[in-house]
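Understanding the architecture of this molecule
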Amino acid sequence: MGSHLSFPRVTLTKEKIVIVTGANTGIGYETAKWIAMMGATVILGCRSEEKAREAMAKINAEFQAEKDLKTPGVVDYQELSLEFIKLDCASLQSVMGFVKTFKESGRQLHVLVCNAGIGMSKQAYTDDGYELMFQVNYLSQYLLSAHLLPIMKTSGEDCRIVLVSSEVHRYSELKLDRIQGRQYNERNFRRTLFYGNSKAFQVMQMFSMNRRLQNSNVTVSSLHPGVVQTEVTRNFSDMGPWALLFSIGKLIGASKTPYEGAETTINAAVNPALQDVRDVYYSDCKPNTPHSRTRNKQNQETLWTYTQNCLKEGGFLPDDIIKCLDGE
Ligand SMILES: NC(=O)c1ccc[n+]([C@@H]2O[C@H](COP(=O)([O-])OP(=O)(O)OC[C@H]3O[C@@H](n4cnc5c(N)ncnc54)[C@H](OP(=O)(O)O)[C@@H]3O)[C@@H](O)[C@H]2O)c1
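Everything numeric in this text was worked out from a predicted model, so none of it was measured.

Between helix α5 (residues 191-212) and helix α9 (residues 297-313), whose axes approach to 9 Å, the crossing angle comes to 95 degrees. By the criterion of interaxial angle, the relationship of α5 to α9 is roughly perpendicular. Contacts between α5 and α9 involve F201, M204, F207, S208, M209, R211 and R212 from the former and K297, N299, Q300, E301, L303 and W304 from the latter. A per-class count over the contact of α5 with α9 returns six nonpolar, three polar and four charged.

Take a look at the structure:
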């Protein structure tokens, strides 16, 4: 990849607590691995305990190999500080379970990486009644950030929320009357549009949250990781053009490895030069301009109100959390 930008190999301590959602494979796996290898405690928020424990064992084995190679920036621990807490983003109750377990540990929280996601799935609805990509990619992780915010606000300087979005966010709309896609059926449901929407909503969440957190120690950023060879294609292997894009990308070396795909996330999460930097959508570790639809304040606030109403309806947003979100 030549002299492309990457993250600085900083030295972190076990007291630095980082949560990575969807960390058992792909971009999340590499993100968790490298942040842990730089010394932090990383909590893997995954829906499958078995997959998460396998990933933790694999991360530790790869860590031993990096130590033997004397790779710069890798700590000298016996074992990395890795933990698992169950998190199924298709269930708002599961998000609350994650929050409860994390809070019971009584620890601080310095970085929350909202990485878990599904790409261009077929039309499906969660038990909470939301379109699957809307909930997994956006709503559940909004809820997670909302409930972890009070802890982050009291965790010292430089706390960060990193939202792993996508360039597909440019292919999106904000139409509340069809935001859940109930008027479509499995034949005319536009999978790319609904994926794009979920990714655009993350970028809008960044702007709305930062507006409310302006004078706080918590910053929010978002990013596109690149076209990355991961398991993300599992949901759209039947979609000709998209499957082809990934196959050709791999063939001609134009797509990224999971490590390369994780570089932008890791940079946003730990680069000391980015302390207090808000409202940036990164790609290839550089600021990029997200679509004007996501930069529109009225759109951001419309989505914010809609999101809060969804969560209030199920009793998931108590007043103290709303106040904290509102910057109080
Ligand atoms: N790969 C790309 O080219 C690309 C491009 C742009 C953006 N992105 C974004 O990057 C992020 C990571 O994707 P990836 O490429 O690494 O894909 P991946 O290999 O499919 O990994 C996705 C991760 O999300 C987890 N996940 C899926 N549904 C979940 C749920 N209901 N609850 C909790 N975790 C869940 C998966 O867990 P399981 O293994 O249990 O399913 C897995 O750990 C996603 O947000 C994706 O939209 C990827």
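Oppositely charged side chains can pair when the atoms bearing their charge come close. Within this structure, the stated rule accounts for 13 salt bridges. Between E104 and K100 there is a salt bridge; the shortest N-O distance is 3.0 Å. In this pair, E104 and K100 are both assigned in helix α3 (residues 92-104), four residues apart and thus about one turn of the helix distant. On the basis of relative accessibility, which here comes to 53%, the residue K100 falls in the exposed class. A salt bridge links E173 to R178, with the nearest nitrogen and oxygen atoms 2.6 Å apart. You can call R178 partly exposed: its relative accessible area is 25%. Overlapping salt bridges bring together E30, K33, K58 and E62 as one network.

Taken together, 31 residues sit near the ligand, with R47, C89, Y195, V228 and T230 positioned nearest. Side-chain polar atom of N24 to an oxygen atom of the ligand: 2.8 Å apart, as the coordinates give it. In this structure, T230 approaches the ligand through a side-chain N or O atom, which is 2.5 Å from an oxygen atom. Burial of the ligand by the protein chains amounts to 98% of its free accessible area of 900 Å². Of all the secondary structure elements, the ones that give two or more residues to the shell around the ligand are α1 (26-37) and α5.

Burial runs high along strand β5 (residues 159-164): six of the six residues are buried. Residues of β5 alternate between two faces, with C159, I161 and L163 on one and R160, V162 and V164 on the opposite face, all of them buried. A crossover links strand β4 (residues 111-114) with its parallel partner β5, the connecting element being helix α4 (residues 132-153), and its sense is right-handed. Judged from the six bridges that link them, β5 and strand β6 (residues 218-224) form a sheet pairing that is parallel. By the bridge assignment, I161 is partnered in β6 with V220.

What follows is about the side chain of Q308. Along the chain, Q308 falls in helix α9. The exposure class assigned to Q308 is buried, which follows from its relative accessible area of 6%.

This paragraph deals with α5. An α-helical turn contains 3.6 residues, so any two residues separated by three or four positions project in the same direction. Look at α5: 32 Å from first C-alpha to last across 22 residues, which is about the 32 Å you get at 1.5 Å a residue. Most of α5 is tucked away: 21 of the 22 residues are buried.

Turning to its location among the elements, E328 is positioned in the segment after α10 (319-325). The spacing of E328 and L139 is 189 residues in sequence and 22 Å in space, taken between C-alpha atoms. Ignoring any residue separated from it by four or fewer positions in sequence, one finds E328 in contact with K153 and K323.

Packing of α1 against helix α7 (residues 258-270) brings their axes to within 8 Å, and their N-to-C directions diverge by 55 degrees. Between α1 and α7, the interaxial angle falls into the category oblique. The interaxial crossing formed by α1 with α7 has right-handed handedness. Note on element contacts: α7 touches α1 through P258, Y259, G261, A262, T265, I266, A269 and V270, opposite G26, I27, E30, T31, W34 and I35.

Tracing the sequence through the fold places R191 in helix α5. On the basis of relative accessible area, R191 is assigned to the buried category, the value being 13%. Through-space distance from the C-alpha of R191 to that of F236 is 9.0 Å; in sequence the pair is 45 residues apart. Once residues lying within four places of it in the same chain are set aside, the contact partners of R191 are M120, S121, K122, M133, N235, F236, D238 and M239.

All right, on to the sheet that holds β5 then. Pairing within the open sheet is mixed, and its eight strands lie in the order β3-β2-β1-β4-β5-β6-β7-β8. The sheet is open, and its two edges are formed by β3 (82-86) and β8 (286-288), each paired on a single side. Across this sheet, the average inter-strand angle for adjacent strands is 25 degrees, counted without regard to direction. Pairing of strand β2 (residues 41-46) with β3 involves five bridges; the strand directions are parallel. Counted as the bridge partner of I43 is E83 from β3. Along the sheet face, α4 touches β1 (17-21), β4, β5 and β6 and points at about 175 degrees away from the line of β4.

Calculation rules
Residues numbered from 1 in each chain as written. Predicted model: local features only at pLDDT ≥ 70, side-chain atom pairs only at ≥ 80, totals over all residues. Heavy atoms only, no water. Axes fitted to C-alpha atoms, helices over the stretch in contact; angles between N-to-C directions. Helix = DSSP H or I, 4+ residues; strand = E, 2+ residues; numbered from the N terminus. Parallel < 35°, antiparallel > 145°, perpendicular 65-115°, else oblique. Contact = heavy atoms within 4.5 Å. Nonpolar A, V, L, I, M, F, W, Y, C, P; charged D, E, K, R; others polar. Salt bridge = Lys/Arg side-chain N within 4 Å of Asp/Glu carboxyl O. Buried < 20%, exposed > 50% of the residue type's maximum accessible area, 1.4 Å probe, protein only. Near = heavy atom within 4 Å. Polar contact = N/O pair within 3.5 Å; in protein donor to acceptor, adjacent residues only side chain to side chain. Areas by Shrake-Rupley, 256 points an atom, 1.4 Å probe, with all protein chains shown as cover. Right-handed = clockwise from strand over helix to strand, strands pointing away. Pairing = 2+ DSSP bridges. Expected span 1.5 Å × (residues − 1). Left-handed = near helix turned anticlockwise from the far one by under 90°.

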